[in-house]
Amino acid sequence: MTYKEFLNYLEKNFDGYMVFMEKATEFQETKNQNRPAKSRWKEAKVQKAVREMWNKAMQPLYDNLKREIKSGIPYKWIEYIEQHEVLEGLRDAMADLSFGDVD
């Protein structure tokens, strides 16, 4: 499974995806409001930053799974993810997710 396929799988099957995106959007919007007016980002750039946060946050999980699964076949990944309750563990992590205070 490629990283892009992995992200697509999570976005469709992981209910914590929306939680992450909401928290990351709130974080980026707050950060943007704290910028000087002339330096504020347009909404598209804020959304791009949110997307990059998601991609970077999921990379270590993908790397760990790739080491364990040792196959590029998507159904092998899905079997492993389901058998090892990866999404449940990720859901627990999302519940406690905080991006910290914005200066």
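Check the entry above for the structure.
The sections below set out a description of the structure shown in this document.

Conventions used here
- Sequence order sets the numbering: in each chain, residues are counted from 1 along the sequence as written.
- Whole-chain, interface and lining totals are the exception, using all residues; otherwise, since this is a predicted model, local features are given only for residues with pLDDT of at least 70 and side-chain atom pairs are given and counted only at 80 or more.
- Side-chain calculation: all heavy atoms of the structure are included, whereas hydrogens and water are not.
- By the criteria applied, helices consist of DSSP H or I runs no shorter than four residues and strands consist of E runs no shorter than two, each listed in order from the N terminus.
- Only protein chains enter the area calculation, which uses a 1.4 Å probe; residues under 20% of their type maximum are buried, those over 50% are exposed, and those in between are partly exposed.
- Only heavy atoms matter for contacts: two residues are in contact if any of them lie within 4.5 Å across the pair.
- Here, Shrake-Rupley sampling with a 1.4 Å probe gives the accessible areas, and only protein chains in the shown set may cover a residue.
- Fitted lines through C-alpha atoms serve as axes, helices being fitted only where they are in contact, and the angles separating the N-to-C directions of these axes extend from 0 to 180 degrees.
- In these notes the angle categories are as follows: under 35 degrees is roughly parallel, over 145 is roughly antiparallel, 65 to 115 is roughly perpendicular, and the rest is oblique.
- Think of it as three bins: nonpolar holds Ala, Val, Leu, Ile, Met, Phe, Trp, Tyr, Cys and Pro, charged holds Asp, Glu, Lys and Arg, and polar takes everything else, Gly as well.
- A carboxyl oxygen of Asp or Glu within 4 Å of a side-chain nitrogen of Lys or Arg is what we treat as a salt bridge.
- Throughout, the arc means the angular range of directions from the helix axis out to the C-beta atoms.

1. Overview of the overall build of the protein
So, step 1. Within the protein, the regular secondary structure consists of 5 helices and 0 strands.
So, step 2. Ordered by position in the sequence, the α and β elements of the protein form the string α-α-α-α-α.
So, step 3. Looking at the protein as a whole, 33% of its 103 residues qualify as buried.
So, step 4. A fraction of 73% describes how many contacts in the protein between residues 6 or more apart in sequence connect residues 24 or more apart.
So, step 5. Taken as a whole, the protein presents about 6,900 Å² of accessible surface, with 50% of it coming from carbon and sulfur.

2. Some details on the packing of helix α3 (residues 43-69) against helix α4 (residues 74-83)
If you want to describe how two helices pack, look at the angle between their axes and the distance between the axes.
So, step 1. The geometry of α3 relative to α4 is characterised by a closest axis approach of 11 Å and an angle of 105° between their N-to-C directions. Put simply, α3 runs roughly perpendicular to α4. Between α3 and α4, the residues in contact are Y62, L65, K66, E68 and I69 and K76, W77, Y80 and I81, respectively.
So, step 2. Of the residues that constitute the contact of α3 with α4, the class distribution is 6 nonpolar, no polar and 3 charged.

3. Some remarks on the pattern of salt bridges
So, step 1. All told, the structure shown has 2 salt bridges when counted by the stated rule.
So, step 2. Taking the shortest distance from any N to any O, the salt bridge between R51 and E11 comes out at 2.6 Å. In this pair, R51 sits in helix α3 while E11 sits in helix α1 (residues 3-13), placing the two residues 40 residues apart along the sequence.
So, step 3. Given the relative accessible area of 22%, E11 is considered partly exposed.
So, step 4. With its nearest N and O atoms 2.8 Å apart, the salt bridge here joins R91 to D15. With R91 in helix α5 (residues 86-95) and D15 in the loop between α1 and α2 (16-33), this pair connects stretches of sequence that are 76 residues apart.
So, step 5. A residue is classified by how much of its surface remains accessible, and R91, at 32% relative accessible area, is partly exposed.

4. Quick word on unusual backbone geometry
So, step 1. Despite not being glycine, K70 shows a phi value in the positive range, around 55°.
So, step 2. Here K70 shows up in the loop between α3 and α4.
So, step 3. Exposure remark for K70: the relative accessible area of 69% places this residue in the exposed category.
So, step 4. With phi around 50°, E85 is a residue other than glycine that occupies positive phi space.

5. Notes on α4
So, step 1. W77, Y80 and I81 are the residues of α4 that are buried. Down the axis of α4, the smallest arc covering the buried residues is 100°, so these residues share one side. Residues of α4 that are exposed and angled more than 90 degrees away from the buried face: E82 and Q83.
So, step 2. Among the structural elements, α1, α3 and α5 are those in contact with the buried residues of α4.
So, step 3. Trailing α4 by a residue or two, E85 shows a phi angle of about 50°, which is positive.

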